[in-house]
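Chain by chain, the residues:
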Amino acid sequence: MNKYLKQIKEGIVDQNPTFMQFLGMCPTLATTTSVSNAVGMGLAATAVLICSNVIISLLRKFIPKEIRIASYIVIISGFVTAVELLMKAYLQSLYDSLGLYIPLIVVNCIILARAEAYASKNPVLPSAIDGLAMGLGFTVSLTVIGSVREILGAGTWLGLPIMGDWYTPATIFILPAGAFLTLGVLAALVNRLKAYAAAHPRPEKVTAEDVAVLPDDVVTDAPSDTDTQDTNTDVPETPVSAETSDTANAPETEEDSTASIDTAKAGIADTDAAKEETPAAEAPAPVEEPAPTAESSAEAVPTESTTETPTESEETNDGTAD
Amino acid sequence: MEQLIDILLLMLSSVLVQNFIFAKFYGICPFLGVSDKPDTALGMGLAVTFVITLSSAATWAVYYLMLEPLGLTYLKTIAFILIIAALVQLIEMFLKKFVPSLYQALGIYLPLITTNCAVLGSALLNIQNGYNFVYSVAVGFSAAIGFTMAILIFAGVRVRLQFAETPKSFEGMPLVLISAGLIAMAFSGFSGISF
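Residues numbered from 1 in each chain as written. Chains lettered and ligands numbered in written order. Predicted model: local features only at pLDDT ≥ 70, side-chain atom pairs only at ≥ 80, totals over all residues. Heavy atoms only, no water.

(A) Layout of the nonpolar core. Of all hydrophobic cores here, the largest spans 115 residues; its most connected members are A:Phe180, B:Phe22, B:Ile28, B:Phe80, B:Ile113 and B:Leu120. When residues of this core are assigned to their parent elements, the largest contribution, 11 residues, is made by helix α7 (residues 124-154) of chain A. Beyond its immediate chain neighbours, meaning those up to four positions away, A:Phe180 contacts A:Leu29, B:Ile21, B:Phe22, B:Phe25, B:Ile28, B:Leu177, B:Ile178, B:Ala180, B:Gly181 and B:Ala184. (Core = buried A, V, L, I, M, F, W, Y, C linked by side-chain atoms within 4.5 Å. Buried < 20%, exposed > 50% of the residue type's maximum accessible area, 1.4 Å probe, protein only. Helix = DSSP H or I, 4+ residues; strand = E, 2+ residues; numbered from the N terminus. Contact = heavy atoms within 4.5 Å.)

(B) Spatial organisation of the packing of helix α4 (residues 68-90) of chain A against helix α6 (residues 109-119) of chain A. All names here are of chain A. Packing of α4 against α6 leaves a shortest axis separation of 11 Å and a crossing angle of 130 degrees. Considered as vectors, α4 and α6 are oriented oblique to each other. α6 is crossed by α4, and the crossing has right-handed handedness. Together, Arg68, Ile69, Tyr72, Ile73 and Ile76 of α4 and Ile111, Leu112, Ala115 and Glu116 of α6 make up the contact between the two elements. (Axes fitted to C-alpha atoms, helices over the stretch in contact; angles between N-to-C directions. Parallel < 35°, antiparallel > 145°, perpendicular 65-115°, else oblique. Left-handed = near helix turned anticlockwise from the far one by under 90°.)

(C) View of the side chain of B:Asn126. By the secondary structure assignment, B:Asn126 is in helix α8 (residues 117-128). The contact partners of B:Asn126, leaving out residues within four places of it in the chain, are B:Ser56, B:Tyr131, B:Ser136 and B:Val139.

(D) Spotlight on empty space enclosed by the protein. Under the criterion given, the structure shown has 4 cavities of 30 Å³ or more. Computed from the structure, the second largest cavity encloses a volume of approximately 80 Å³. What lines the second largest cavity is simply A:Gly24, A:Cys26, A:Pro27, A:Met41, A:Tyr101, A:Leu104, A:Ile105, A:Val107, A:Asn108, A:Cys109, B:Cys29 and B:Cys117. Partitioned by chemical class, the residues of the lining of the second largest cavity number 10 nonpolar, 2 polar and no charged. (1 Å grid on protein atoms, 1.4 Å probe; cavity = no way out; pocket = protein on both sides within 12 Å on 5 of 7 lines; lining within 4 Å. Points joined across faces, edges and corners; volume = space filled by probe spheres on them. Nonpolar A, V, L, I, M, F, W, Y, C, P; charged D, E, K, R; others polar.)

(E) Region of interest: helix α10 (residues 173-188) of chain B. Residues and elements named next belong to chain B. For α10, spanning 16 residues, the distance from its first C-alpha to its last is 22 Å, which sits close to the expected 22 Å at 1.5 Å a residue. Summarising burial for α10: 12 of the 16 residues are buried, a large majority. Of all the residues in α10, the buried ones are Pro174, Leu175, Val176, Leu177, Ile178, Ser179, Ala180, Gly181, Leu182, Ile183, Ala184 and Phe187. (Expected span 1.5 Å × (residues − 1).)

(F) Layout of the environment of A:Ile162. Residue and element names in this part refer to chain A. Residue placement: Ile162 occurs in the loop between β2 (160-161) and α8 (176-199). Counting along the chain gives 11 residues from Ile162 to Ile151, while the straight-line C-alpha distance between them is 7.8 Å. Sequence-distant contacts of Ile162, defined by excluding residues within four places in its chain, comprise Ile151, Gly155, Thr156 and Trp157.

(G) Seen up close, the packing of α8(A) against α10(B). Between α8(A) and α10(B), the least distance of the axes is 7 Å, while the angle of their chain directions is 165 degrees. With respect to each other, α8(A) and α10(B) are oriented roughly antiparallel. Here the hand of the crossing between α8(A) and α10(B) comes out left-handed. On α10(B), the residues that touch A:Ala177, A:Phe180, A:Leu181, A:Leu183, A:Gly184, A:Val185, A:Ala187, A:Ala188 and A:Asn191 of α8(A) are B:Pro174, B:Leu177, B:Ile178, B:Ala180, B:Gly181, B:Ala184 and B:Met185. A breakdown of the residues in the contact of α8(A) with α10(B) according to their chemical character gives 13 nonpolar, 3 polar and no charged.

(H) Expanded view of the interface of chain A and chain B. Counting from both sides, the interface comprises 44 residues of chain A and, opposite them, 40 residues of chain B. For the chain A face of the interface with chain B, the top three residues by lost area are A:Leu100, A:Val107 and A:Phe180, together amounting to 18%. Counting across the interface, chain A meets chain B through 0 salt bridges. At the level of secondary structure, the elements contributing two or more residues to the side of chain A that touches chain B comprise α2 (25-30), α4, α6, α8, α11 (237-245) and α12 (250-281) of chain A. When residues of the side of chain A that touches chain B are assigned to their parent elements, the largest contribution, 12 residues, is made by α8(A). (Buried area = accessible area lost by both parts, 1.4 Å probe. Salt bridge = Lys/Arg side-chain N within 4 Å of Asp/Glu carboxyl O.)

(I) Seen up close, the confidence of the model for chain A. Averaged over every residue, the pLDDT of chain A is 72; residues scoring 70 or more account for 62%. Low confidence marks residues 207-322 of chain A, where pLDDT is under 50. Its contacts with residues over four positions away, or in another chain, come to 103 contacts. (pLDDT = per-residue confidence, 0-100.)

Quick look at the structure:
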């Protein structure tokens, strides 16, 4: 039993299809405009992934090697059609808002990759668990991205207004450009966490204090939200313009900005490592655990995004200084 | 004449306003995967253009001549993905035998195209919008040109990014995604134009 829990943790954290493997980018970017769309897409893909893994694993001795990819695609598209028809019958509004991306689950690289790399080589039960693990990993990542985009872009979470009247929604996060930017910043954050985890294998419980201290700092330091929006859109341009305009000065400014980011992000890394730590510590709990972790990471999102702002504004300062 | 102008406007809109990469997110995997050099990006773009144009015609014919009369329209996803897979295989064999130079140029990219959601997406989109045969082929072709343009522009950006010193956490995929976001922002300017 423990083996399967470990497999599920692998799928959600260590082998996360979105942030670790960068598979299935089309639905990740396209359907995360709101949390409900993101969860719907994630669960639809999970259902297809589990079913196709089971069937492919059952048929693994009968499918000839030469035509295996074509066979997998037919099996997958059969399940996708079933999911599409079920959704049309029972979840009409979700069906309308996801639109063409439901039939496009057929060409989602995660499903074909798991069929080829896992289900075609392993017995039925591990394959089903693998499908569940990868699907949950995909759903969790989509939910996190969807939460960031919906909170910043519309000021709501799951349709509930949570930001209050003072917040002017930054529509850019709902637009396609916001999808790329959000995923890019989150992927950088994950990189940072990975580097931190590699440098400090299993940090002690001291991090809990850091969590208690940091939010206060954030509240006092955080600039007004219109500023946040501006810096977010401006920041990534600085490296590009520095690089194109004068290459002679570029290395110095670049070094400065990396140094400031390192110092500023050191604080963030602590809190995030603590967040990371909680699901890992809870891993030997019952199977239902993954859902709560998804919620906790989603709730953590607002602080995450505000903690980013100091570093990013510093970076713009560097850019404007020269 | 009026219809010709209509088609031309539709083609322009599917290149710029409804761009596959930056507005619809079709074909992001090859877009991120093979955009590190301009020549490979061009090769991929041409291969995709070739397949999308042919598959738009083939899927239109199968849908309206076979699936609809038989009342099997719910099978369209399965039918289309099989047509695309078979078509890619056929094109590969045809090019290998009769146009070896083109096969040399596109060869490695062709098998990847089967699982490119741009191809299936454009086929499904043609059906959803109810285009006739000429419209389907024209829109498929121009959308693929839009894909090629996007991937070429992005390859140019990535070549320059290789020499940039970046913060450690942003190395690799994050930087690529953020630059794609900036280009997408530029493309979203086109959405003000409505045809």
